[in-house]
Amino acid sequence: MRRFLRPGHDPARERLKRDLFQFNKTVEHGFPHQPSALGYSPSLRILAIGTRSGAIKLYGAPGVEFMGLHRENNAVVQIHFLPGQCQLVTLLDDNSLHLWSLKVKGGVSELQEDESFTLRGPPGAAPSATQITVVLPHSSCQLLYLGTESGSVFVVQLPAFRALEDQTISSDAVLQRLPEEVRHRRAFEMVEALQEHPRDPNQILIGYSRGLVVIWDLQGSCVLCHFLSSQQLENVCWQRDGHLIVSCHSDGSYCQWPVSSDTLQPEPLRSCVPYGPFPCKAITKIFWLTTKQGLPFTIFQGGMPRASYGDRHCISVIHNGQQTAFDFTSRVIDFTVLIEANPEAALDDPYALVVLAEEELVVIDLQTAGWPLVQPPYLASLHCSAITCSHHVSNIPLKLWERIIAAGSRQNTHFSTMEWPIDGGTSLAPAPPQRDLLLTGRALPTGTRTAQCGSGMPRASACGCSTSSARYGCSSPTQTPARASVPRVGSFDPYSDDPRLGIQKIFLCRYSGYLAVAGTAGQVLVLELNDEAAEHAVEQVEADLLQDQEGYRWKGHERLCARPGPVHFEPGFQPFVLVQCQPPAVVTSLALHSEWRLVAFGTSHGFGLFDHQQRRQVFVKCTLHPNDQLALEGPLSRVKSLKKSLRQSFRRIRRSRVSSRKRRPAGPPGEVQEGSSRAERTGLQNMELAPVQRKIEARSAEDSFTGFVRTLYFADTYLRDSSRHCPSLWAGTNGGTIYAFALRVPPAERRMDEPVRAEQAKEIQLMHRAPVVGILVLDGHSVPLPEPLEVAHDLSKSPDMQGSHQLLVVSEEQFKVFTLPKVSARLKLKLTALEGSRVRRVSAARFGSCRAEDYGEHHLAVLTNLGDIQVVSLPLLKPQVRYSCIRREDVSGIASCVFTKYGQGFYLISPSEFERFSLSTKWLVEPRCLVDSAETKNHSRLRDRSGPEKASGRARNSGSQSDGEERRSGPVMEHALLNDERVLKEIQSTLEGDRGSCGDWRSPRVAVGYGLSNGGGCS
């Protein structure tokens, strides 16, 4: 009976847990998934991006970030800032309009949705009558002009979203005020363009799809002048002085129209097909911008020859005889040009081109010769090639940090020196207390990439390195249009000719600068950081993991052929040795010990140890089971044995039947005395019982991939006896087997003369045979052993080598603590039996108290296959807290999760975005920023293009809140793709209540009040 008892709740411990643990989803790193709209405020200098899932994100200076989510899970079609205001209007694909505001609360700005509105027509009207195609915020900030598919322009008053029916500009009203010859040409249909006169707010330009453009007088309700083209209209641009209109058309041409008081239709000053005379794509958007040099900038999207560039995504820039068509690697969503913000200025003076592509944001410097790209400080394209693995390194030493930054700057010499032009708002977050790196492995020859995610807000990619043995060319050559250069722009390139180039494991030593990288084809490279470019040969060593086995034949992919001879490497991480596993299976585990200069690697066939200082193999160990033939087929093989599959299925059925018979009672239960039964019931009422455990059957040793090496771990501990500790290597397999090897590492003075020796000391077989996902050794104080070189750099206390050490083995189903060196079981926590979940990720972390600066505890952070995150104490294995983090259906998110050393974590919520979460009250990263009203700003923007010092001085990083600060706990918004069912039901009920039938065609305004605090909690 005693084994079912559980200790009661300790109030002091519960208070301490509140000081240690708190779950928050704080910020998203990367590029918004599936962007659909772009907006920019010249006065606020803030960029807005909308997505197909209804999210809206605002970006300003580094550290200035806001995030909001529409209650309707619809795509954002258009974003428009109100001139000179901290407000913006969004249009969704369900034809609804939403008004957002940046409001200051508690010293920081918050993004809130104030109103929503749906334009409705009279009863019986066709849906196209009020389907919005164009939105024009008037300069008075009190009116919205809405162009529709029916050709009418509706007027809505702000901020109440009240439709002004008497000010509607219908197509019939415009038709009556046109000459007779224009009325018979059917020049209307939908409204394609709405523009306000740059100098006169009483005039607006209306462009219709069939080629008619009119200038409408708002006060007199009349047509001042009209322009009629023979081609379908796509878009219109009004010159800054109001004397010239430029229209673009579906045949790849654009026309210049003079604006005068003459009511007669003028002829175009010029009609040009930039890439004619062959059939061209439509020019969908155009800018005509004046400069001090006298020659204007002509910037347009599309217009390329259909035959050669029909599948390309191009934006052309023409100025002063130079014509460049920027060819983007992904579809262009929208673009804008940054110009002089002062509306009273006589010239536009464009200085940057901002392009929102489907997979990245590109900014081009228009004031530097050659129009180079500007390196973004955020919105990094994490998924320029598919992310296959990630690795987080905490508390990077300053020296290594500066070397990585310097190497990255040498790699990025092709970028412009222009200061980041989108610099609105002010970051109020304190400086980050430490420097962190997030390394991502890719599936392309681009190899690994180091991102500065830090303790504060994320920065741009710091450094990259390539691990491929060969470079691959670009697409097939095409004919370049005459007089135009077509450079390839953008880093997004997810296509690979060889999947063997993918990176599967990364390990970086933050003290020595050594980097170990393992790939899909069994390649393991060791790299070191070099400040200068170098050219040298990479030494190659082959590790045969099947050297003691006979009769096996590898059926998977072939190994990669390394490039012979010296290879030129850019500054940064440069490989100096290559270990090729045979068979060339995917490397499933990797460990690096920089102090001993050893690297361990494992595959589905076994594991090995390599001395990268002497460039020699120490040992290899085959872990294949005699019946494990599937491990030899490789990940790319589709050949399966039907006979073996049927045999395994029948064996499982037979085992389940046998176990079910064993669980049946042998006879009728014995009678229980009445007195003892009453006493037992009384005792049960006064104590807390442990939950009933599930019956978990042990896995068969004949299951496939039992030799799959899941984890590797280096430790200096007591392995042979309790009197001497020695270096050791631990390996855990998919079949629940743990191998322990004792290592003899020569001292530093004889390191190059004597070889490293290894001898197997122990082999542990878990009874339930679940895959081993983690191994950890605790010192005499039950604290995890420090990292290599951490004690030598005085960044950690020396481990306690006097008391007895303990071995923690984490499988998918259990946590188990053994004593060392006897390896006798001490404690056990059956996670699967208690909760029905399996461990997917586990990591030791230190949780600091938010009240006591010097107090902290070491615990295990655990992620299960259900998406839950738990904290388990060390070494008693008591569950502390449990949070729901990732949807159980999000398999890729669970597989991509990585924990930090201080109770934080990252996981992919989309192919291009990492969601950051925190389990600690002390380490909480969230943007804290302030955006002032545009009315108090000076509209003239000082642009110094030659000062890198100024650019570095403006790079502000927000960090975590100060330790011990009291925080308001509130719901935190996650990406729109990850909404839970409760929120969806609430939204659905709201929509059903608000979208009832209405007799009046003017919809009532709806106050929603759904906002976000700096991308964080809801208000």
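This report concerns the structure included in the present document. None of the values given here were measured: they were computed from a predicted structure. (Residues numbered from 1 in each chain as written. Predicted model: local features only at pLDDT ≥ 70, side-chain atom pairs only at ≥ 80, totals over all residues. Heavy atoms only, no water.)

## What to know about the sheet that holds strand 57 (residues 868-873)
Turning to step 1, where the next piece is worked out: What the 4 strands build is an open sheet, ordered 55-56-57-58; its pairing is antiparallel. Of all the strands in the sheet, the pair left with one neighbour each is strand 55 (839-848) and strand 58 (879-884). With strand direction ignored, the average angle separating the axes of adjacent strands in the sheet is 20 degrees.
Turning to step 2, where the next piece is worked out: Taken together, the 9 bridges between strand 55 and strand 56 (residues 856-864) define a ladder with antiparallel strand orientation. For Val839, the partnering residue across the bridge sits in strand 56 and is Thr864. (Pairing = 2+ DSSP bridges. Helix = DSSP H or I, 4+ residues; strand = E, 2+ residues; numbered from the N terminus. Axes fitted to C-alpha atoms, helices over the stretch in contact; angles between N-to-C directions.)

## Topic: the packing of aromatic side chains
Turning to step 1, where the next piece is worked out: Per the stated rule, a full pass over the model turns up 21 aromatic pairs.
Turning to step 2, where the next piece is worked out: With a centroid separation of 5.5 Å and 20 degrees between ring planes, the pair formed by Tyr59 and Tyr378 is classed as stacked. Of this pair, Tyr59 sits in strand 4 (residues 55-59) while Tyr378 sits in the loop between strand 29 (373-374) and strand 30 (387-393), placing them 319 residues apart in sequence.
Turning to step 3, where the next piece is worked out: A residue is classified by how much of its surface remains accessible, and Tyr59, at 5% relative accessible area, is buried.
Turning to step 4, where the next piece is worked out: Geometrically, the ring pair formed by Phe287 and Phe335 is edge-to-face, given 5.5 Å between the ring centres and 65 degrees between the ring planes. One end of the pair, Phe287, is in strand 22 (residues 283-289); the other, Phe335, is in strand 26 (residues 332-338), with 48 residues separating them in the sequence.
Turning to step 5, where the next piece is worked out: What makes Phe287 buried here is its relative accessible area of 17%.
Turning to step 6, where the next piece is worked out: On the basis of relative accessible area, Phe335 is assigned to the buried category, the value being 0%. (Phe/Tyr/Trp six-rings, centres within 6.5 Å; stacked < 30°, edge-to-face > 60°. Buried < 20%, exposed > 50% of the residue type's maximum accessible area, 1.4 Å probe, protein only.)

## Details of the sheet that holds strand 14 (residues 191-196)
Sheet strands line up and pair through hydrogen bonds in the backbone, either parallel or antiparallel.
Turning to step 1, where the next piece is worked out: Reading across the sheet, the 4 strands line up as 14-15-16-17 and stay open at both edges, with antiparallel pairing between neighbours. In this open sheet, the two strands that pair with only one neighbour each are strand 14 and strand 17 (222-228). Ignoring strand direction, the axes of neighbouring strands in this sheet form an average angle of 20 degrees.
Turning to step 2, where the next piece is worked out: Of the strand pairs in this sheet, strand 16 (residues 212-217) and strand 17 are connected by 6 bridges, and their pairing is antiparallel. Within strand 17, the position partnered with Ile215 by the bridge is Cys225.

## Quick look at the pairing of strand 23 (residues 297-302)
Side chains on a regular strand alternate between the two faces of the sheet.
Turning to step 1, where the next piece is worked out: Burial analysis of strand 23 places 6 of its 6 residues in the buried class, the great majority of the element.
Turning to step 2, where the next piece is worked out: In this sheet, strand 23 lies alongside strand 22 in antiparallel orientation, the contact comprising 6 bridges. Residue pairing across strands places Ile283 opposite Gly302, the latter belonging to strand 23.

## Describing the environment of His859
Turning to step 1, where the next piece is worked out: Positionally, His859 belongs in strand 56.
Turning to step 2, where the next piece is worked out: Residue classification places His859 among the buried residues on the basis of a relative accessible area of 3%.
Turning to step 3, where the next piece is worked out: Along the backbone, His859 and Leu874 are 15 residues apart, and their C-alpha atoms lie at a distance of 5.3 Å.
Turning to step 4, where the next piece is worked out: At a separation of 2.6 Å, a polar atom in the side chain of His859 contacts the side chain of Glu857. (Polar contact = N/O pair within 3.5 Å; in protein donor to acceptor, adjacent residues only side chain to side chain.)

## Focus: the nonpolar core
Turning to step 1, where the next piece is worked out: One finds Trp730, Leu807, Phe815 and Leu860 to be the most contacted residues of the largest nonpolar core, which totals 35 residues.
Turning to step 2, where the next piece is worked out: At the level of elements, strand 47 (709-717), strand 48 (726-733), strand 49 (737-744), strand 51 (772-778), strand 52 (806-811), strand 53 (814-819), strand 55 and strand 56 are the ones that each hand at least two residues to this core.
Turning to step 3, where the next piece is worked out: With 6 residues, strand 51 is the single largest residue contributor to this core.
Turning to step 4, where the next piece is worked out: If we skip the residues at most four places from it in the chain, Leu860 touches Leu776, Leu808, Val810, Phe815, Val842, Ser843, Ala844, Gln870, Val871, Val872 and Leu874. (Core = buried A, V, L, I, M, F, W, Y, C linked by side-chain atoms within 4.5 Å. Contact = heavy atoms within 4.5 Å.)

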